[in-house]
Amino acid sequence: MDPVYEAYTIADSTWYEPLDRCEDSSSRFSLSLRGIPQGWRREHQGVWEFLMPGDAPDMPEQGWKIHISATPDSAEETVEAAWKVCRRLALPWKFLRSRHIVTAMNTKYAGRATSGKTVTVYPRTESELRAALTELDGILHGCPGPYVLSDHRWNEARSPYDTEPSS
């Protein structure tokens, strides 16, 4: 089988199905199952769950994105930490809905454009960007996650697969 089609066999090994149709209810993150505070809204889009403050200003046409990676083992903790920061700063964001989906999105043949991304935060201004990066770094510092190929790393973010520089 051509590796390009691997993601379409995760939901059903006989028929090609989009990944969002896979049975992942037993590995859903608790945030995708529990209610959200009043004043926030939730939208489902494929394998992503979006959480947005109801009174937030419109997103700019172009802007910043913060991608946060996680391993399947660290993903629940990462999602909860991001929710804590995004809720406090009233930032729109999205997260992969389950451990199973995080695993699928990080397989050997996963799409390069999405591989490694478990959470995406959408700051609207540079000050929101700085505040989000600072708080997320403080709460997630040291949590493992793969390298996101398309992104610049913030601060000392490291992949568990990085090697120490030689002296």
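Residues numbered from 1 in each chain as written. Predicted model: local features only at pLDDT ≥ 70, side-chain atom pairs only at ≥ 80, totals over all residues. Heavy atoms only, no water.

A. How the structure looks around helix 4 (residues 126-140). Counted at 1.5 Å a residue, the expected span for helix 4 with its 15 residues is 21 Å, and the 20 Å between its end C-alpha atoms agrees. Buried residues along helix 4 sit against strand 3 (66-68), helix 2 (75-89) and strand 5 (119-121). Backbone geometry just downstream of helix 4 places Gly142 in the positive-phi region, at approximately 95°. (Helix = DSSP H or I, 4+ residues; strand = E, 2+ residues; numbered from the N terminus. Expected span 1.5 Å × (residues − 1). Contact = heavy atoms within 4.5 Å.)

B. Examining helix 2 more closely. A rise of 1.5 Å per residue sets the reference length of helix 2, with its 15 residues, at 21 Å; its end C-alpha atoms lie 21 Å apart and thus fit the reference within 8%. Residues Ala75, Thr78, Val79, Ala81, Ala82, Trp83, Val85, Cys86 and Leu89 constitute the buried set of helix 2. Positive backbone phi, approximately 55°, marks Ala90, located one or two places after helix 2. (Buried < 20%, exposed > 50% of the residue type's maximum accessible area, 1.4 Å probe, protein only.)

C. Summary view of unusual backbone geometry. One non-glycine residue with positive phi stands out, namely Ala90, at about 55°. Mapped onto the elements of the fold, Ala90 is located in the loop between helix 2 and strand 4 (93-96). A relative accessible area of 29% means that Ala90 is categorised as partly exposed.

D. Just the sheet that holds strand 2 (residues 48-53), in detail. Pairing is antiparallel across the open sheet formed by 5 strands, whose spatial order is 1-2-4-5-3. Both edges of this open sheet fall to strand 1 (40-45) and strand 3, since each of them pairs with a single strand only. Direction aside, neighbouring strands of the sheet carry axes that sit 15° apart on average. Where strand 1 meets strand 2, 6 bridges bridge the pair, whose relative direction is antiparallel. (Pairing = 2+ DSSP bridges. Axes fitted to C-alpha atoms, helices over the stretch in contact; angles between N-to-C directions.)

E. Up close: the nonpolar core. The biggest cluster of nonpolar side chains holds 37 residues, and the ones touching the most others in it are Ile66, Ile68, Trp93, Phe95, Val119, Val121 and Leu136. Of all elements in the fold, only strand 2, strand 3, helix 2, strand 4, helix 3 (99-105), strand 5 and helix 4 reach the threshold of two or more residues within this core. Of all the elements, helix 2 adds the most residues to this core, at 8 residues. (Core = buried A, V, L, I, M, F, W, Y, C linked by side-chain atoms within 4.5 Å.)

F. Highlighting the pairing of strand 2. Of all 6 residues that make up strand 2, 6 are buried, and the element is covered over most of its length. A loop of 2 residues connects strand 1 with strand 2, the two strands running antiparallel in sequence, and Gly46 in this loop sits at a positive phi of about 65°. Where strand 2 and strand 4 come together, 4 bridges link them in antiparallel fashion. Each residue of the ladder has a partner; that of Leu51, found in strand 4, is Trp93.

G. Spatial organisation of the pattern of salt bridges. Here the structure, examined in full by the defined rule, presents 8 salt bridges. A salt bridge links Arg97 to Asp24; its shortest N-O distance comes to 2.7 Å. Note that Arg97 is positioned in the loop between strand 4 and helix 3 and Asp24 in the segment before helix 1 (30-33), a separation of 73 residues in sequence. Look at Arg97 and you get buried, because its relative accessible area is 7%. When its relative accessible area of 2% is taken as the criterion, Asp24 is described as buried. In this structure, Arg99 and Asp73 form a salt bridge, with 2.6 Å as the shortest nitrogen-oxygen distance. In this pair, Arg99 sits in helix 3 while Asp73 sits in the loop between strand 3 and helix 2, placing the two residues 26 residues apart along the sequence. Look at Asp73 and you get exposed, because its relative accessible area is 64%. A cluster of three or more residues bridged by salt bridges with shared partners is formed by Asp24, Arg28 and Arg97. (Salt bridge = Lys/Arg side-chain N within 4 Å of Asp/Glu carboxyl O.)

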